[in-house]
Amino acid sequence: MGRSLPQRLQAWGFSWPGLLDNRHGEWWLLAQMALITAHLLPAFPSPAALGFSWPPVLRVVGLSLFAAGLLLAGQGALNLGESLTPLPEPMAGAPLVTAGAYGRCRHPLYQALLVCSLGVTLARGSLLHLALLLALALVLGFKARREELSLCAVHVDYAAYRTATPAIVPRLPWLDWRTGPTAPATG
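Residues numbered from 1 in each chain as written. Predicted model: local features only at pLDDT ≥ 70, side-chain atom pairs only at ≥ 80, totals over all residues. Heavy atoms only, no water.

A. Focus on unusual backbone geometry. Here phenylalanine 44 and proline 45 are connected by a cis peptide whose omega angle stands at -15°. Take proline 45: it is sitting in the loop between helix H3 (26–38) and helix H4 (56–80). Residue asparagine 22 is not a glycine yet carries a positive backbone phi of 65°. With respect to the helices and strands, asparagine 22 occurs in the loop between helix H2 (16–21) and H3. Of note in the backbone geometry, arginine 171 takes a positive phi value of approximately 65° without being a glycine. Take arginine 171: its relative accessible area is 74%, and that puts it in the exposed class. (Helix = DSSP H or I, 4+ residues; strand = E, 2+ residues; numbered from the N terminus. Buried < 20%, exposed > 50% of the residue type's maximum accessible area, 1.4 Å probe, protein only.)

What follows is the structure, given as structure tokens:
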């Protein structure tokens with residue numbers, strides 16, 4: 001808890017060479033961060049520009065989903081504790097966490113990001129934000145698959161956990177695989 005930012009970055013595996021060659025999945029994290037940041041953009045096209053008024057109930061549902069996503073993220077982060085890392089590479093010596101949010105799905109932080117993104121999309125009524133949600137689902141699916149390659153190598157119990165527990169969103173094919181992970185071509 002008392003680590004400085006440079007110490008924390010080093011513990012996570014960040015390095016300048018890694019940013020150049022993606023050795024710890026840095027590129028997936030950068031893509032994820034860019035897509036999350038892009039959610040701050042205004043609605044485009046706005047519902048008014050398309051000639052209709054966005055229903056207030058969808059705005060409320062969207063804001064509620066965003067809040068729920070934040071709560072899910074908090075639970076997942078608390079469950080991981082000191083093992084939390086933004087890179088798709090587990091921290092050295094980190095235990096395999098399968099309880100709490102990790103009993104619901106293998107990547108609850110990614111699930112929380114998608115719930116937040118869906119909330120923003122519904123609250124804004126924006127085709128741009130729908131595209132950002134779909135792009136984020138694609139990036140997180142690849143990032144999770146990359147992460148699972150390392151988790152399988154580090155934790156002998158991961159294969160059984162993977163078979164029994166949904167990946168990110170249960171029964172959604174791109175976001176729920178329960179067999180061996182596949183790696184993206186860029187590592």
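B. Expanded view of a nonpolar patch on the surface. Taken together, the side chains of Leu50, Phe52, Leu127, Leu130 and Leu134 make up a nonpolar region of the molecular surface, amounting to roughly 470 Å² of accessible area. Relative to the helices and strands, leucine 130 is located in helix H7 (residues 127–154). (Patch = residues over 30% accessible without salt bridge, like charges linked within 9 Å, V, L, I, M, F, W, Y side chains within 5 Å. Areas by Shrake-Rupley, 256 points an atom, 1.4 Å probe, with all protein chains shown as cover. Salt bridge = Lys/Arg side-chain N within 4 Å of Asp/Glu carboxyl O.)

C. Seen up close, the nonpolar core. In this structure, Leu114 and Ile168 are the most contacted members of the largest nonpolar core, which totals 16 residues. Breaking this core down by element, the ones donating at least two residues are H3, helix H6 (108–124) and H7. Among the elements that make up this core, the one with the highest residue count is H7 (seven residues). Not counting residues up to four positions away in its chain, the partners in contact with isoleucine 168 are Cys105, His107, Tyr110, Gln111, Leu114, Leu140, Gly141, Ala144, Leu175 and Trp177. (Core = buried A, V, L, I, M, F, W, Y, C linked by side-chain atoms within 4.5 Å. Contact = heavy atoms within 4.5 Å.)

D. Quick look at the packing of H6 against H7. Remark: H6 packs on H7, axes separated minimally by 9 Å, with the N-to-C direction vectors making an angle of 175°. As far as their axial angle goes, H7 and H6 are roughly antiparallel. Only His129, Leu130, Leu132, Leu133, Leu136, Ala137, Leu140, Lys143, Ala144 and Glu147 of H7 make contact with H6, whose side of the interface consists of Tyr110, Leu113, Leu114, Ser117, Leu118, Val120, Thr121 and Arg124. Grouping the constituent residues of the contact of H6 with H7 by class yields twelve nonpolar, three polar and three charged. (Axes fitted to C-alpha atoms, helices over the stretch in contact; angles between N-to-C directions. Parallel < 35°, antiparallel > 145°, perpendicular 65-115°, else oblique. Nonpolar A, V, L, I, M, F, W, Y, C, P; charged D, E, K, R; others polar.)

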